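# Observations on the three-dimensional arrangement
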Amino acid sequence: TPDTWEVKLSAGADKKETFLRLMAEKNLGGLAFLRNLRNMEQAGITKSQVADYSGSIKLDRVLPFRFIAAARYASRFEPELEQAMFRCLADAPKLAGKTAVVIDTSPSMWHAKVSAKSEMDRFEAAAALAILVREVCETVSVYAFNERAYEVPPRRGFALRDALSATRGSASCGGLAVTLANQHGYDRIIVLTDGEWHRMQWTTVRLVG
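### What about the overall build of the protein chain?
Broken down by element type, the protein chain carries 11 helices and four strands. Dimensions of the protein chain, computed from C-alpha atoms along their principal axes, come out at roughly 60 × 35 × 30 Å. For the protein chain, buried positions account for 44% of its 209 residues. Looking at the protein chain alone, contacts between residues at least 24 apart form 73% of all its contacts between residues at least 6 apart. As displayed, the protein chain has an accessible area near 10600 Å², and 51% of this comes from carbon and sulfur atoms. Of the charged side chains in the protein chain, 28 are positive and 24 negative, and the gap between their average positions amounts to 1 Å.

### A few points about the pairing of strand 2 (residues 137-145)
Of all the nine residues making up strand 2, seven are buried; the element is thus mostly covered by neighbouring parts of the structure. Summarising the sheet, strand 1 (residues 95-104) and strand 2 pair through eight bridges and their orientation is parallel. Directly across from D104, in strand 2, lies its bridge partner F145. As judged from the three bridges shared by strand 2 and strand 3 (residues 149-151), these two strands associate in the antiparallel manner. Paired with F145 across the strands is A149, a residue of strand 3. Taken together, strand 2 and the strand that follows it, strand 3, pair antiparallel across an intervening segment of three residues.

### Points about the sheet that holds strand 4 (residues 188-192)
Strand pairing in a sheet is mediated by backbone hydrogen bonds. Such pairs are either parallel or antiparallel. What the four strands build is an open sheet, ordered 3-2-1-4; its pairing is mixed. Each end of this open sheet is capped by a strand with a single partner; those strands are strand 3 and strand 4. Averaged over all pairs of adjacent strands, the angle between their axes in this sheet comes to 25°, without regard to strand direction. In this fold helix 9 (residues 122-136) packs onto strand 1, strand 2 and strand 4, with an angle of close to 150° to the strand it touches most, strand 2.

### With respect to the packing of helix 6 (residues 64-73) against helix 9
Axis separation between helix 6 and helix 9 bottoms out at 8 Å; the angle between their running directions is 125°. Relative to helix 9, the element helix 6 is oriented oblique. Here helix 6 and helix 9 pass one another in a crossing that is right-handed. Residues P64, F65, I68 and R72 of helix 6 touch helix 9, and the partners they reach there are E124, A127, A128, I131 and L132. For the contact of helix 6 with helix 9, the per-class residue count stands at seven nonpolar, no polar and two charged.

### Examining the state of the cysteines
Enumeration over the complete set of coordinates arrives at zero disulfides. With no disulfide of its own, C88 has C137 as its nearest cysteine by sulfur position, at a separation of 15 Å. Residue classification places C88 among the buried positions, given a relative accessible area of 10%.

### Comments concerning the pattern of salt bridges
If you walk through the whole model with that rule in mind, you get 10 salt bridges. E147 serves as the salt-bridge partner of R148, at 2.9 Å between the closest nitrogen and oxygen. If you follow the salt bridges from partner to partner, you end up with R72, E119 and E124 in one network.

About the cut-offs
- Residues numbered from 1 in each chain as written.
- Predicted model: local features only at pLDDT ≥ 70, side-chain atom pairs only at ≥ 80, totals over all residues.
- Heavy atoms only, no water.
- Helix = DSSP H or I, 4+ residues; strand = E, 2+ residues; numbered from the N terminus.
- Buried < 20%, exposed > 50% of the residue type's maximum accessible area, 1.4 Å probe, protein only.
- Contact = heavy atoms within 4.5 Å.
- Areas by Shrake-Rupley, 256 points an atom, 1.4 Å probe, with all protein chains shown as cover.
- Lys, Arg positive; Asp, Glu negative; His and termini not counted.
- Charge placed at Lys NZ, Arg CZ, Asp CG, Glu CD.
- Pairing = 2+ DSSP bridges.
- Axes fitted to C-alpha atoms, helices over the stretch in contact; angles between N-to-C directions.
- Parallel < 35°, antiparallel > 145°, perpendicular 65-115°, else oblique.
- Left-handed = near helix turned anticlockwise from the far one by under 90°.
- Nonpolar A, V, L, I, M, F, W, Y, C, P; charged D, E, K, R; others polar.
- Disulfide = S-S within 2.5 Å.
- Salt bridge = Lys/Arg side-chain N within 4 Å of Asp/Glu carboxyl O.

This is how it looks when you write it as structure tokens:
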């Protein structure tokens, strides 16, 4: 019988003792660790125990959206999750030159999931990719668009997700964001959208701070 948390807990083992033992033996893999943070919190696993374990396991193949999903259900562990996310991206090869990243924050990004079985909406997926791009680009500027275009403050990690979320608006005018990015120039442009690109002309604004 495999020695996994599913097997032990389904057999009636104590949750806290099971998680602590699996963590001590390094038998709780990276994805299982992230998916079980809420169960671990409910079982009484402490922040320091979570921080110690997250720093001892391999998370190099875990994409940022996994950390965002984990933080949704166990928000008190967000600082530990963010540091683990940065570590898993630290050794990624860098994109040379200047990159412009354009993120759609129009209503359709918030009102649909990425798939029928997923709890993650399109905005969360785009924010996760923006976090990834921010870490792997030599020089990067991030822009958002809905009925307006925004130059997003130079945040990292979950703070970048929050800064993008703050631009939430109506309509979809992606061309405005490209126009704003063109003012600063770039070697490449990466656009993350669900396909509703440019429907009408509004005004351009810039976020500062």
